[in-house]
Amino acid sequence: MGRATKAVLAYSGGVDTSVCIPYLKQEWGVEEVITFAADLGQGDELEPIRQKALDSGASQSIVGDLIDPFIREFAFPAIRANALYEGRYPLSTALARPLIARRLVEIAREVGADAVAHGCTGKGNDQVRFDVAIGALAPDLKVLAPAREWGMSREQTIAYGERCGIPSPVSKKSPYSIDLNLLGRSIEAGPLEDPNVEPPEEIYALTVSIDAAPAQPQVVEIGFEQGYPVSIDGVRLDPVSLIRQANGLAGSHGFGRLDMIENRVVGIKSREIYETPGLLLLIRAHQELESLTLAADVLRSKRQLEQQWADLVYQGLWFGPLKDAIDGFIERTQLSVNGSVRVKLHKGSATVVGRSSAADSLYVDAMATYDSGDQFDHRAAEGFIYVWGLPTRLWAARHRLR
Ligand code: ARG
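The notes below deal with the structure included here. (Residues numbered from 1 in each chain as written. Predicted model: local features only at pLDDT ≥ 70, side-chain atom pairs only at ≥ 80, totals over all residues. Heavy atoms only, no water.)

## Section: the sheet that holds strand 6 (residues 177-181)
- Strands sit in the order 6-7-12-11 across an open sheet of four strands; the sheet is antiparallel. Sheet topology places strand 6 and strand 11 (257-263) at the edges, where each strand pairs with a single neighbour. Strand-to-strand twist across the sheet, computed as the mean angle between neighbouring axes with direction ignored, equals 20°.
- The pairing of strand 6 with strand 7 (residues 184-188) spans five bridges and is antiparallel. Residue pairing across strands places Asp 179 opposite Ser 186, the latter belonging to strand 7. (Pairing = 2+ DSSP bridges. Helix = DSSP H or I, 4+ residues; strand = E, 2+ residues; numbered from the N terminus. Axes fitted to C-alpha atoms, helices over the stretch in contact; angles between N-to-C directions.)

As structure tokens, then:
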């Protein structure tokens, strides 16, 4: 791989990324490690994390607020794309990775680093997302991933850290591996590794249980402009506030939990628990508005491209050519996705109960109605069906003779 002298490390404050700092210096001969911790709305206090990087041997420790670009440039496009990996997971973790990668590269340029580094293992998706994104944005930078090579168990990692003055985790470490940002939480490992075990209630933080959810349903109205959510219950909100509010509303009714077996890029199946209340609510409402405002053939093509879009983002190809081309298609379709959708939240469910679009609805009363206002030409259907059914009748006649 060749030696690196100055590396910018994606830093979370946990033991693994902390150990990366002395490891890179001692084992790989990196002279200077600069850390970057991103604020993605996870709610952690960042000052202790900034300090911990310095205590672990970083020569410079940078924290940066990426919440606004995270929502505007990554979450909102995912809502327009109705992006659900394998039909379910709204990519809450995956969407953050190209943004972190982009910022790491910018910092590397600012400080004159010749490498970027991350603490991902060789089994996950995040390594793929970081490495591919960095390769696309900065092909000259080396990507260092010590945890992919060091072969240390968790105990060995902690012991290595202690030898370098990194305090071991004080409280008895929770058995779970959690990734958290404003879009939601992913929870893995510990007892959840048995796909046949029901997740314990204690793992959830953004959603209440169905039992604890209010008995009374609540209807919320989401307003959209060009496919972007812009208001809740008639109140215009900036993107970050809107996501926060959607999380609060959906989470308080126990909506937004997922328990799934997911296919990782590296070929293994893993059991994943997510809670992504706001994002799932907004995608559901957005899909519904599209069903009112997009033509049938556009809608069908979009549903196929959405799946590809979700696959590409999951698989680390955010900066790739197919994603770019599909974005062009989506952009064009969203010009007419204006209107609002009402969703009833109740006991873990979110049910669409109404949709409207003053300017762009393709639902035409005079065509749909069964009452006296009906303007559909019923007799025209006969000629249409004659032609439509012709190949079937011809084929059936031929085969009935045999
Ligand atoms: N399986 C999810 C994904 O690939 C969540 C990954 C969580 N990452 C983590 N480092 N804990 O997007």
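## Overview of the site of the ligand
- What surrounds the ligand is a group of 14 residues, the closest being Tyr 89, Asn 125, Asp 126, Arg 129 and Glu 262.
- Measuring from an oxygen atom of the ligand, one finds a side-chain N or O atom of Tyr 89 at 2.7 Å.
- Residue Arg 129 places a side-chain N or O atom 2.9 Å away from an oxygen atom belonging to the ligand.
- Contact with the protein chains covers 85% of the free accessible surface of the ligand, which is 340 Å².
- Secondary structure elements with two or more residues in the shell around the ligand: helix 5 (126-137), strand 6, strand 7 and strand 12 (269-275).
- Here the residues of the shell around the ligand are counted per class, giving four nonpolar, four polar and six charged. (Near = heavy atom within 4 Å. Polar contact = N/O pair within 3.5 Å; in protein donor to acceptor, adjacent residues only side chain to side chain. Areas by Shrake-Rupley, 256 points an atom, 1.4 Å probe, with all protein chains shown as cover. Nonpolar A, V, L, I, M, F, W, Y, C, P; charged D, E, K, R; others polar.)

## Brief notes about the packing of aromatic side chains
- Counted by the stated rule, this structure contains 10 aromatic pairs.
- With a centroid separation of 5.1 Å and an interplanar angle of 70°, the aromatic rings of Tyr 23 and Trp 150 are classed as edge-to-face. Here Tyr 23 is found in helix 1 (residues 15-26), whereas its partner Trp 150 is found in the loop between strand 5 (142-144) and helix 6 (154-163), with 127 residues between them in sequence. The residues Tyr 23 and Trp 150 share a single accessibility class, namely buried.
- A connected cluster of aromatic rings, assembled from ring pairs, spans Tyr 23, Trp 28, Trp 150 and Tyr 160.
- Of note, Arg 129 hangs over the ring of Tyr 314, and the distance from its end group to the ring centre comes to 4.9 Å. (Phe/Tyr/Trp six-rings, centres within 6.5 Å; stacked < 30°, edge-to-face > 60°. Buried < 20%, exposed > 50% of the residue type's maximum accessible area, 1.4 Å probe, protein only. Lys NZ or Arg CZ within 6 Å of the ring centre and 35° of its normal.)

## Thoughts on the sheet that holds strand 13 (residues 339-346)
- Here five strands make up an open sheet; going across it, the order is 10-9-8-13-14 and the pairing antiparallel. Pairing within the sheet leaves two strands with one partner each, and these edge strands are strand 10 (235-236) and strand 14 (349-356).
- As defined by bridge partners, strand 9 (residues 228-232) adjoins strand 10 across two bridges and the pair is classed as antiparallel. Within strand 10, the position partnered with Ile 232 by the bridge is Val 235.

## Concerning the side chain of Ser 340
- When you line up the elements, Ser 340 lands in strand 13.
- Here Ser 340 is in contact with Glu 221, Ile 222, Gly 223, Leu 289, Gly 354, Arg 355 and Ser 356, once residues within four sequence places are set aside. (Contact = heavy atoms within 4.5 Å.)

## Quick look at the packing of helix 3 (residues 67-80) against helix 7 (residues 239-252)
- Interhelical geometry of helix 3 versus helix 7 gives an angle of 65° and a closest axis separation of 9 Å. In terms of orientation, helix 3 and helix 7 fall into the roughly perpendicular class. Helix 7 is crossed by helix 3, and the crossing has left-handed handedness. Between helix 3 and helix 7, the contacting residues are Ile 67, Asp 68, Ile 71, Arg 72, Phe 76 and Ile 79 on the first element and Pro 239, Val 240, Ile 243 and Arg 244 on the second.
- Split by residue class, the contact of helix 3 with helix 7 holds seven nonpolar, no polar and three charged. (Parallel < 35°, antiparallel > 145°, perpendicular 65-115°, else oblique. Left-handed = near helix turned anticlockwise from the far one by under 90°.)

## Here's the deal with the packing of helix 7 against helix 8 (residues 277-293)
- Helix 8 packs onto helix 7 with a crossing angle of 95° between their chain directions and a minimal axis gap of 7 Å. One finds that helix 7 runs roughly perpendicular with respect to helix 8. Across the interface between the two elements, Leu 242, Ile 243, Ala 246, Asn 247, Ala 250 and Gly 251 of helix 7 pack against Pro 277, Gly 278, Leu 279, Leu 281 and Leu 282 of helix 8.
- When grouped by side-chain class, the residues that make up the contact of helix 7 with helix 8 number eight nonpolar, three polar and no charged.

## Brief notes about the environment of Lys 6
- By the secondary structure assignment, Lys 6 is in strand 1 (residues 6-10).
- Spatially, the C-alpha atom of Lys 6 lies 9.6 Å from that of Lys 25, the residues being 19 residues apart in sequence.
- Setting aside anything within four residues of it in sequence, one finds Lys 6 in contact with Val 30, Glu 32, Ile 34, Val 111, Gly 112, Ala 113, Asp 114 and Ala 115.

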